[in-house]
Amino acid sequence: MTTEILRYSAFTHDPAGGNPAGVVLDASGLDDPEMLAIAAEVGYSETAFVTGGDAERRRFRVRYFSPLAEVAFCGHATVALAVALAERLGPGEIVLDTPAGEIPVSTAVDGTGAVRATLTSVPTRSRPALPAERDAALAALGWTAADLDPDLPAHVAFGGNDHLVLAAASRARLADLDYDFDALAEVMRRHGWTTVDLVWRESAERYHARNPFPVGGVVEDPATGAAAAAFGGYLRELGLVTGPAAIAVRQGEDMGRTSELLIEVGPHDPRTRVTGQAVPVFGAPV
């Protein structure tokens, strides 16, 4: 059997930017080892697999695999999948049943003719990182406590997966990322973190982010929707969101794959809305 594998780049309008994801619209006949093998062959940070569902009801079961393991939720692969479905079914509402929970996604065509997708995360939460958690991550990153923004404390934030949030004190510190891959992977596996969400605050409405992902076999993600969802919960927990807010997150710039994510956060809703578009990666191997 030949499995059709689509390739989209999410959170960008340029196939050379954003974060590429694999999309398999019919994985009903695949078992776990086969899905993992496809994800490893594709080589992107995640591939989304539709394992069942109902096209008329626009509701689908989805699983996500990195080249090394299954993950409960992936934001950029969700956006890529939603755009692929909208291109085939027409824009509108889609519901995805994921291992992390139910994810509603709204799709619409913008003024340029591109399809944009807005996912609503599962309820987020965020707690202060323990000193030992923070310090182990800093050591693997080659950072020190002096490199951190004292106004944005280290947290473990959840938006479908757990992410350690560390805020850099300067854009230069964020740009200078050269970490110990194996050491950080070991720390992350020990604590159950999917990525480390490194951020720098340009303003209250704009942040820059980088996301090491060694537990998935990837040095860095150029766009991480799940981490952005968790980051919305982090900002809410810190009291930095006092009313409905739209916050831009720019990611991937330092690795030459600029991505733009928009998160919408409110003070009373624990969920985060994450918006972006996705475009096919033409000429990719199949």
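Draft legend 1. Here's a closer look at the pattern of salt bridges. A full pass over the atoms with the stated rule returns 20 salt bridges. With a closest N to O distance of 2.6 Å, R59 and E102 form a salt bridge. Taken together, the residues span a long stretch of sequence, with R59 in strand 4 (residues 59-65) and E102 in strand 7 (residues 101-109) at a distance of 43 residues. Overall, R59 belongs to the partly exposed group, its relative accessible area being 24%. With relative accessibility at 45%, the residue E102 sits in the partly exposed group. Between R273 and E264 there is a salt bridge, with its nearest N and O atoms 3.6 Å apart. On the basis of relative accessibility, which here comes to 29%, the residue E264 falls in the partly exposed class. Connected via shared salt-bridge partners are R171, E202, R206, R210, E220, R250, E253, D254 and E260.

Draft legend 2. Broad picture of helix 5 (residues 181-191). Those residues of helix 5 not exposed but buried are L184, A185, V187 and M188. Axial view of helix 5: buried residues confined to an arc of 160 degrees, hence all on one face. For helix 5, the exposed residues set more than 90 degrees away from the buried face come down to D182, R189 and R190. In this structure, the buried residues of helix 5 make contact with helix 3 (131-141), strand 12 (193-203) and strand 13 (206-213). Here helix 5 starts with a cap whose side-chain oxygen sits 3.3 Å from the backbone nitrogen of D182, and that cap is D180.

Draft legend 3. Here's a closer look at the pairing of strand 2 (residues 19-24). Of all 6 residues making up strand 2, 6 are buried, and the element is well covered by its neighbours. The alternating pattern of strand 2 places N19, A21 and V23 on one face and P20, G22 and V24 on the opposite face, and all of these are buried. Both strand 2 and strand 3 (residues 47-54) contribute to a ladder of 3 bridges, which runs parallel. Of the residues in strand 3, the one forming a bridge with V24 is F49.

Criteria and cut-off values
Residues numbered from 1 in each chain as written. Predicted model: local features only at pLDDT ≥ 70, side-chain atom pairs only at ≥ 80, totals over all residues. Heavy atoms only, no water. Salt bridge = Lys/Arg side-chain N within 4 Å of Asp/Glu carboxyl O. Helix = DSSP H or I, 4+ residues; strand = E, 2+ residues; numbered from the N terminus. Buried < 20%, exposed > 50% of the residue type's maximum accessible area, 1.4 Å probe, protein only. Arc of directions from axis to C-beta. Contact = heavy atoms within 4.5 Å. Polar contact = N/O pair within 3.5 Å; in protein donor to acceptor, adjacent residues only side chain to side chain. Pairing = 2+ DSSP bridges.

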